[in-house]
Amino acid sequence: MHLPDPIRRLPWRDLKYALWLPLYLLLFLALERMPVGRYWATQLPVDAHIPFCEWFVIPYCLWYPLLVITGLYLLYRDRAAFRRYMVFLGTTFFLSALVWLLVPNGQDLRPAAFPRENLLTALVAGLYRVDTNTNVFPSVHVLGSMGAALAVWDCRALERRKRLRAGTALLAAAICLSTVLIKQHSVLDAVGGLLLGALAARPVYRASPAFRLSREETERKTPAYRRRYQKLLNRFNES
(Lines give C-alpha, C1' and ligand atoms only; values in the text may rest on other atoms or scores of the structure.)
Protein backbone atom coordinates (compact mmCIF):
# COMPACT_ATOMS: atom_id res chain seq x y z
CA MET A 1 0.00 0.00 0.00
CA HIS A 2 1.42 3.36 -1.05
CA LEU A 3 1.18 5.97 1.69
CA PRO A 4 1.01 9.70 0.90
CA ASP A 5 4.32 11.53 1.25
CA PRO A 6 3.30 13.62 4.31
CA ILE A 7 2.47 10.40 6.20
CA ARG A 8 5.64 8.63 5.10
CA ARG A 9 7.72 11.60 6.23
CA LEU A 10 6.40 11.45 9.77
CA PRO A 11 9.12 10.55 12.32
CA TRP A 12 7.68 7.11 13.10
CA ARG A 13 10.90 5.94 14.77
CA ASP A 14 10.53 8.68 17.39
CA LEU A 15 6.74 8.67 17.60
CA LYS A 16 6.85 5.14 18.99
CA TYR A 17 8.10 6.72 22.23
CA ALA A 18 4.64 8.27 22.59
CA LEU A 19 2.78 4.96 22.29
CA TRP A 20 2.46 4.86 26.07
CA LEU A 21 0.07 7.83 26.02
CA PRO A 22 -3.17 6.12 24.86
CA LEU A 23 -2.43 3.21 27.20
CA TYR A 24 -1.99 5.60 30.11
CA LEU A 25 -5.19 7.50 29.26
CA LEU A 26 -7.16 4.25 29.21
CA LEU A 27 -5.65 3.23 32.55
CA PHE A 28 -6.37 6.66 34.04
CA LEU A 29 -10.01 6.56 32.93
CA ALA A 30 -10.40 3.03 34.29
CA LEU A 31 -8.96 4.05 37.67
CA GLU A 32 -11.13 7.17 37.79
CA ARG A 33 -14.25 5.08 37.24
CA MET A 34 -13.23 2.30 39.59
CA PRO A 35 -15.47 2.30 42.69
CA VAL A 36 -13.50 3.64 45.64
CA GLY A 37 -14.63 2.98 49.20
CA ARG A 38 -12.19 4.04 51.85
CA TYR A 39 -9.11 5.90 50.69
CA TRP A 40 -6.06 7.51 52.24
CA ALA A 41 -6.84 11.21 52.62
CA THR A 42 -3.66 13.09 51.75
CA GLN A 43 -4.50 16.51 53.18
CA LEU A 44 -2.27 17.94 55.91
CA PRO A 45 -3.05 20.58 58.59
CA VAL A 46 -1.16 23.15 56.50
CA ASP A 47 -3.70 22.73 53.67
CA ALA A 48 -6.41 24.27 55.84
CA HIS A 49 -4.40 27.52 55.96
CA ILE A 50 -3.96 27.77 52.18
CA PRO A 51 -6.68 29.99 50.66
CA PHE A 52 -8.71 29.06 47.62
CA CYS A 53 -7.80 31.28 44.65
CA GLU A 54 -9.76 30.79 41.44
CA TRP A 55 -7.27 32.84 39.40
CA PHE A 56 -4.87 29.90 39.49
CA VAL A 57 -7.25 27.85 37.36
CA ILE A 58 -5.64 29.68 34.42
CA PRO A 59 -2.12 28.19 34.87
CA TYR A 60 -3.76 24.90 35.86
CA CYS A 61 -5.46 24.70 32.45
CA LEU A 62 -2.30 25.85 30.65
CA TRP A 63 -0.77 22.51 31.68
CA TYR A 64 -2.43 20.77 28.74
CA PRO A 65 -1.16 23.03 25.91
CA LEU A 66 2.24 23.26 27.63
CA LEU A 67 2.77 19.50 27.43
CA VAL A 68 1.47 19.21 23.87
CA ILE A 69 3.34 22.20 22.46
CA THR A 70 6.57 21.10 24.14
CA GLY A 71 6.25 17.62 22.66
CA LEU A 72 5.48 18.86 19.15
CA TYR A 73 8.34 21.37 19.18
CA LEU A 74 10.85 18.77 20.37
CA LEU A 75 9.64 16.32 17.74
CA TYR A 76 10.38 18.94 15.10
CA ARG A 77 13.64 20.41 16.45
CA ASP A 78 15.30 17.89 18.79
CA ARG A 79 14.33 14.22 18.45
CA ALA A 80 16.68 13.02 21.19
CA ALA A 81 15.17 15.52 23.65
CA PHE A 82 11.70 14.38 22.54
CA ARG A 83 12.57 10.78 23.36
CA ARG A 84 13.85 11.72 26.82
CA TYR A 85 10.72 13.83 27.40
CA MET A 86 8.47 10.91 26.53
CA VAL A 87 10.45 8.50 28.69
CA PHE A 88 10.24 10.89 31.67
CA LEU A 89 6.49 11.45 31.31
CA GLY A 90 5.70 7.80 30.61
CA THR A 91 7.78 6.55 33.53
CA THR A 92 6.41 9.01 36.10
CA PHE A 93 2.79 8.82 34.94
CA PHE A 94 2.69 5.01 35.05
CA LEU A 95 4.45 4.94 38.44
CA SER A 96 1.80 7.37 39.71
CA ALA A 97 -0.96 5.12 38.41
CA LEU A 98 0.69 2.17 40.18
CA VAL A 99 0.62 4.11 43.46
CA TRP A 100 -3.08 4.91 42.95
CA LEU A 101 -3.80 1.24 42.31
CA LEU A 102 -1.84 -0.07 45.30
CA VAL A 103 -2.71 2.74 47.72
CA PRO A 104 -6.11 4.28 46.87
CA ASN A 105 -5.90 7.93 47.83
CA GLY A 106 -7.83 11.16 47.61
CA GLN A 107 -8.25 14.55 49.23
CA ASP A 108 -11.17 16.24 51.00
CA LEU A 109 -10.24 19.87 50.35
CA ARG A 110 -12.76 21.00 47.76
CA PRO A 111 -14.96 23.81 49.08
CA ALA A 112 -18.64 23.03 49.56
CA ALA A 113 -19.41 26.49 48.17
CA PHE A 114 -17.16 28.96 46.38
CA PRO A 115 -16.45 32.26 48.14
CA ARG A 116 -17.33 34.07 44.87
CA GLU A 117 -19.35 33.32 41.77
CA ASN A 118 -17.62 34.25 38.51
CA LEU A 119 -16.35 32.76 35.27
CA LEU A 120 -13.21 31.35 36.92
CA THR A 121 -15.06 29.60 39.74
CA ALA A 122 -17.44 28.18 37.11
CA LEU A 123 -14.38 26.78 35.32
CA VAL A 124 -13.11 25.27 38.58
CA ALA A 125 -16.54 23.70 39.15
CA GLY A 126 -16.34 22.19 35.67
CA LEU A 127 -12.93 20.71 36.49
CA TYR A 128 -14.33 19.25 39.69
CA ARG A 129 -17.07 17.51 37.71
CA VAL A 130 -14.66 16.08 35.13
CA ASP A 131 -11.86 15.08 37.51
CA THR A 132 -12.61 13.28 40.76
CA ASN A 133 -10.93 14.03 44.09
CA THR A 134 -9.24 10.61 44.06
CA ASN A 135 -5.94 9.42 42.53
CA VAL A 136 -4.14 12.56 43.62
CA PHE A 137 -0.85 11.35 45.14
CA PRO A 138 1.54 11.95 43.50
CA SER A 139 0.27 14.79 41.35
CA VAL A 140 0.70 14.18 37.61
CA HIS A 141 0.10 17.89 37.07
CA VAL A 142 3.31 18.54 38.99
CA LEU A 143 5.13 15.75 37.17
CA GLY A 144 4.03 16.98 33.76
CA SER A 145 5.09 20.53 34.58
CA MET A 146 8.51 19.31 35.70
CA GLY A 147 8.81 17.23 32.55
CA ALA A 148 8.05 20.18 30.26
CA ALA A 149 10.50 22.47 32.08
CA LEU A 150 13.25 19.85 31.96
CA ALA A 151 12.57 19.15 28.28
CA VAL A 152 12.83 22.83 27.35
CA TRP A 153 16.14 23.05 29.20
CA ASP A 154 17.27 19.83 27.50
CA CYS A 155 16.53 21.10 23.98
CA ARG A 156 19.76 22.21 22.33
CA ALA A 157 17.84 24.41 19.88
CA LEU A 158 16.70 26.53 22.85
CA GLU A 159 20.00 26.83 24.70
CA ARG A 160 20.30 30.53 23.78
CA ARG A 161 16.64 31.28 24.55
CA LYS A 162 17.19 32.04 28.21
CA ARG A 163 13.97 34.02 28.59
CA LEU A 164 11.93 31.19 27.13
CA ARG A 165 13.59 28.71 29.46
CA ALA A 166 12.99 30.96 32.46
CA GLY A 167 9.39 31.60 31.37
CA THR A 168 8.72 27.88 31.06
CA ALA A 169 10.18 27.27 34.51
CA LEU A 170 7.99 30.04 35.98
CA LEU A 171 4.90 28.64 34.26
CA ALA A 172 5.74 25.17 35.59
CA ALA A 173 6.07 26.61 39.11
CA ALA A 174 2.74 28.44 38.73
CA ILE A 175 1.07 25.21 37.62
CA CYS A 176 2.46 23.38 40.64
CA LEU A 177 1.09 26.12 42.92
CA SER A 178 -2.25 26.07 41.13
CA THR A 179 -2.87 22.44 42.06
CA VAL A 180 -2.94 23.46 45.72
CA LEU A 181 -4.62 26.87 45.35
CA ILE A 182 -7.66 25.59 43.47
CA LYS A 183 -7.91 22.63 45.88
CA GLN A 184 -7.27 19.93 43.31
CA HIS A 185 -4.37 18.57 45.35
CA SER A 186 -2.90 18.77 48.82
CA VAL A 187 0.59 19.98 49.62
CA LEU A 188 1.60 16.35 50.11
CA ASP A 189 0.42 15.47 46.59
CA ALA A 190 2.54 18.26 45.11
CA VAL A 191 5.60 17.34 47.17
CA GLY A 192 5.17 13.69 46.18
CA GLY A 193 5.16 14.73 42.53
CA LEU A 194 8.32 16.81 42.98
CA LEU A 195 10.14 13.95 44.71
CA LEU A 196 9.13 11.34 42.12
CA GLY A 197 10.09 13.73 39.32
CA ALA A 198 13.49 14.36 40.86
CA LEU A 199 14.13 10.62 41.20
CA ALA A 200 13.11 9.93 37.59
CA ALA A 201 14.99 12.89 36.11
CA ARG A 202 18.44 11.67 37.12
CA PRO A 203 18.52 8.43 35.09
CA VAL A 204 16.52 9.87 32.19
CA TYR A 205 18.70 12.94 31.71
CA ARG A 206 22.03 11.38 32.66
CA ALA A 207 23.08 11.27 28.98
CA SER A 208 21.62 14.66 28.08
CA PRO A 209 24.26 16.89 26.43
CA ALA A 210 22.59 20.02 27.81
CA PHE A 211 22.64 18.83 31.43
CA ARG A 212 26.13 17.36 31.08
CA LEU A 213 27.41 20.70 29.81
CA SER A 214 25.68 22.44 32.70
CA ARG A 215 27.45 20.17 35.18
CA GLU A 216 30.81 20.72 33.48
CA GLU A 217 30.29 24.48 33.50
CA THR A 218 29.41 24.38 37.19
CA GLU A 219 32.54 22.39 37.92
CA ARG A 220 34.69 24.91 36.06
CA LYS A 221 33.23 27.72 38.14
CA THR A 222 33.82 25.87 41.40
CA PRO A 223 36.91 27.15 43.27
CA ALA A 224 39.97 24.88 43.01
CA TYR A 225 40.14 24.23 46.77
CA ARG A 226 36.52 23.02 46.77
CA ARG A 227 37.21 20.68 43.83
CA ARG A 228 40.22 19.21 45.64
CA TYR A 229 38.16 18.79 48.81
CA GLN A 230 35.39 17.03 46.85
CA LYS A 231 37.93 14.65 45.26
CA LEU A 232 39.34 13.77 48.69
CA LEU A 233 35.83 13.23 50.01
CA ASN A 234 34.98 10.95 47.09
CA ARG A 235 38.13 8.88 47.66
CA PHE A 236 37.29 8.59 51.35
CA ASN A 237 33.76 7.39 50.55
CA GLU A 238 35.08 4.83 48.06
CA SER A 239 37.57 3.38 50.54
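The structure presented is a predicted model; accordingly, all values stated were derived computationally and were not measured.

### A short note on the environment of R79
Checked against the element boundaries, R79 lands in helix α5 (residues 79-102). Along the chain, R79 and L15 lie 64 residues apart, while their C-alpha atoms are 9.4 Å from each other. Among residues more than four places away in sequence, those in contact with R79 are P11, D14 and L74. Side-chain polar atoms of R79 contact the backbone oxygen of L75, separated by 2.6 Å.

### Section: the packing of helix α4 (residues 57-77) against α5
Taken N-terminus to C-terminus, the directions of α4 and α5 make an angle of 145°; their axes are 6 Å apart at the nearest point. Of the two elements, α4 crosses α5, and the hand of that crossing is left-handed. Contacts from W63, L66, L67, T70, G71, L74, L75 and R77 of α4 reach α5 at R79, A81, F82, Y85, L89 and F93.

### Looking at the packing of aromatic side chains
Applying the stated criterion across every chain, the model contains 13 aromatic pairs. Taking 5.2 Å as the distance between ring centres and 70° as the angle between the ring planes, the aromatic pair formed by W40 and F137 counts as edge-to-face. In this pair, W40 is assigned in strand β1 (residues 40-41) and F137 in the loop between α6 (119-130) and α7 (140-154), connecting sequence segments 97 residues apart. The partly exposed category is assigned to W40, whose relative accessible area is 37%. Centroid distance F52 to F114: 5.4 Å. Interplanar angle 35°. Geometry classified as tilted. One end of the pair, F52, is in the loop between β1 and α4; the other, F114, is in the loop between β2 (105-106) and α6, and 62 residues separate them in sequence. The exposure class of F52 is buried, given its relative accessible area of 14%.

### Focus: the environment of S178
Tracing the chain through its elements places S178 in helix α8 (residues 162-181). Along the chain, S178 and F52 lie 126 residues apart, while their C-alpha atoms are 9.6 Å from each other. Every residue in contact with S178, bar those within four places of it in the chain, is listed here: F56, P59 and Y60.

### Considerations on the nonpolar core
Counting 33 residues, the largest nonpolar core has Y85, F88, L89, F93 and Y205 as the members making the most contacts within it. Tallying contributions element by element places α5 first for this core, with nine residues. The residues touching Y205, leaving out its near neighbours within four places in the chain, are R84, Y85, F88, G147, L150, A151, D154 and F211. Membership of the second largest hydrophobic core comes to ten residues, among which are F52, Y60, L127 and I182.

### What to know about the pattern of salt bridges
Summed over the entire model, instances satisfying the criterion amount to five salt bridges. Note that R116 is salt-bridged to E54, the shortest N-O span being 2.7 Å. In this pair, R116 is assigned in the loop between β2 and α6 and E54 in the loop between β1 and α4, connecting sequence segments 62 residues apart. Note on R116: relative accessible area 38%, which makes it partly exposed. Salt bridges sharing partners connect three or more residues here, namely D14, R79 and R83.

The rules behind each value
- Residues numbered from 1 in each chain as written.
- Predicted model: local features only at pLDDT ≥ 70, side-chain atom pairs only at ≥ 80, totals over all residues.
- Heavy atoms only, no water.
- Helix = DSSP H or I, 4+ residues; strand = E, 2+ residues; numbered from the N terminus.
- Contact = heavy atoms within 4.5 Å.
- Polar contact = N/O pair within 3.5 Å; in protein donor to acceptor, adjacent residues only side chain to side chain.
- Axes fitted to C-alpha atoms, helices over the stretch in contact; angles between N-to-C directions.
- Left-handed = near helix turned anticlockwise from the far one by under 90°.
- Phe/Tyr/Trp six-rings, centres within 6.5 Å; stacked < 30°, edge-to-face > 60°.
- Buried < 20%, exposed > 50% of the residue type's maximum accessible area, 1.4 Å probe, protein only.
- Core = buried A, V, L, I, M, F, W, Y, C linked by side-chain atoms within 4.5 Å.
- Salt bridge = Lys/Arg side-chain N within 4 Å of Asp/Glu carboxyl O.

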